[in-house]
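# Summary of the model geometry
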Amino acid sequence: MSLAKIIILAIELENMIGEIYRLASNLLPEENIGRELARLADEEQQHLNLLRNSRNYLAKAPEAFGQPAISEEEMLLGIKKAQEVLAKIENRKLLLPQMLEELKELERGFEKIHLNTLIEVQDESLKKLFRLLAGEDKKHVERLSALLESLQ
């Protein structure tokens with residue numbers, strides 16, 4: 001699979017996780033948790049914009065990239081998992097702790113995707129981008145863990 005396709009799928013993933021955070025934030029009666037999820041949704045929008053920029057950069061300078069280190073199947077599996085979480089939240093099938101756990105698992109998967117993409121990027125500025133995205137995903141996992149702990 002081409003790196004362009006990987007980036008398009010990564011954009012789709014970021015868009016979906018942002019949508020999930022936004023929906024979850026609007027459904028929660030817990031104001032502080034809702035605000036934190038809204039902040040995470042905003043950050044996902046920033047990630048989405050960064051990936052769109054990298055897609056544009058790929059079109060202009062394909063030599064800056066290597067071959068993708070993640071398969072289309074892995075990307076599609078991530079999208080499928082995100083779709084499942086979105087459906088559960090839309091249908092209100094998750095209690096708050098379950099929702100936060102599911103979101104943590106999604107973020108862990110996204111961190112792996114970003115790190116695997118980083119491995120094959122040749123351009124140092126792009127490596128920084130994917131390091132940033134992976135680091136942000138890791139921070140999101142930590143923030144979701146803190147929200148879970150606050151429920152206990």
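Residues numbered from 1 in each chain as written. Predicted model: local features only at pLDDT ≥ 70, side-chain atom pairs only at ≥ 80, totals over all residues. Heavy atoms only, no water.

### Some points on the overall build of the protein chain
When its secondary structure is counted, the protein chain shows five helices and zero strands. Listed by position from the N terminus, the elements making up the protein chain come as α-α-α-α-α. Taken across its 152 residues, the protein chain has 47% of its residues classed as buried. Once local pairs closer than 6 in sequence are excluded, the contacts in the protein chain between residues at least 24 apart make up 79%. Split by element, the accessible area of the protein chain, about 7,900 Å² in all, is 49% carbon and sulfur. (Helix = DSSP H or I, 4+ residues; strand = E, 2+ residues; numbered from the N terminus. Buried < 20%, exposed > 50% of the residue type's maximum accessible area, 1.4 Å probe, protein only. Contact = heavy atoms within 4.5 Å. Areas by Shrake-Rupley, 256 points an atom, 1.4 Å probe, with all protein chains shown as cover.)

### Considerations on the nonpolar core
The biggest cluster of nonpolar side chains holds 41 residues, and the ones touching the most others in it are Ile20, Leu37 and Leu103. Contributing elements (two or more residues each) for this core: α1 (3-27), α2 (31-60), α3 (72-90), α4 (96-120) and α5 (124-150). It is α1 that provides the largest number of residues to this core, a total of eleven residues. If we ignore the near neighbours within four places in the chain, the residues touching Leu103 are Ile17, Ile20, Tyr21, Leu37, Val85 and Leu144. (Core = buried A, V, L, I, M, F, W, Y, C linked by side-chain atoms within 4.5 Å.)

### Observations regarding the confidence of the model for the protein chain
Of the residues in the protein chain, 88% reach a pLDDT of 70 or more, and the chain-wide mean stands at 84. At the level of individual helices and strands, the protein chain shows its lowest average pLDDT in α4, which scores 80, and its highest in α3, which scores 90. (pLDDT = per-residue confidence, 0-100.)

### With respect to the side chain of Glu44
Tracing the backbone shows Glu44 in helix α2. Lacking a salt bridge, the buried Glu44 has Arg143 as its closest oppositely charged neighbour, with an N-O distance of 8.2 Å. Setting aside residues no more than four positions away along its own chain, Glu44 makes contact with Glu14, Ile17, Gly18, Tyr21, Glu107 and His140. (Lys, Arg positive; Asp, Glu negative; His and termini not counted. Salt bridge = Lys/Arg side-chain N within 4 Å of Asp/Glu carboxyl O.)

### Concerning the pattern of salt bridges
Applying the stated criterion to the full structure yields ten salt bridges. For the salt bridge of Glu102 with Lys88, the shortest nitrogen-to-oxygen distance reads 3.0 Å. Of the two residues, Glu102 is situated in helix α4 and Lys88 in helix α3; the sequence distance between them amounts to 14 residues. Judged by its relative accessible area of 23%, Glu102 is partly exposed. Across the salt bridge formed by Glu105 and Arg108, the nearest N and O atoms sit 2.5 Å from each other. Of this pair, Glu105 and Arg108 both sit in helix α4, three residues apart, which is roughly one turn of that helix. On the accessibility criterion, Glu105 (45% relative accessible area) is partly exposed.

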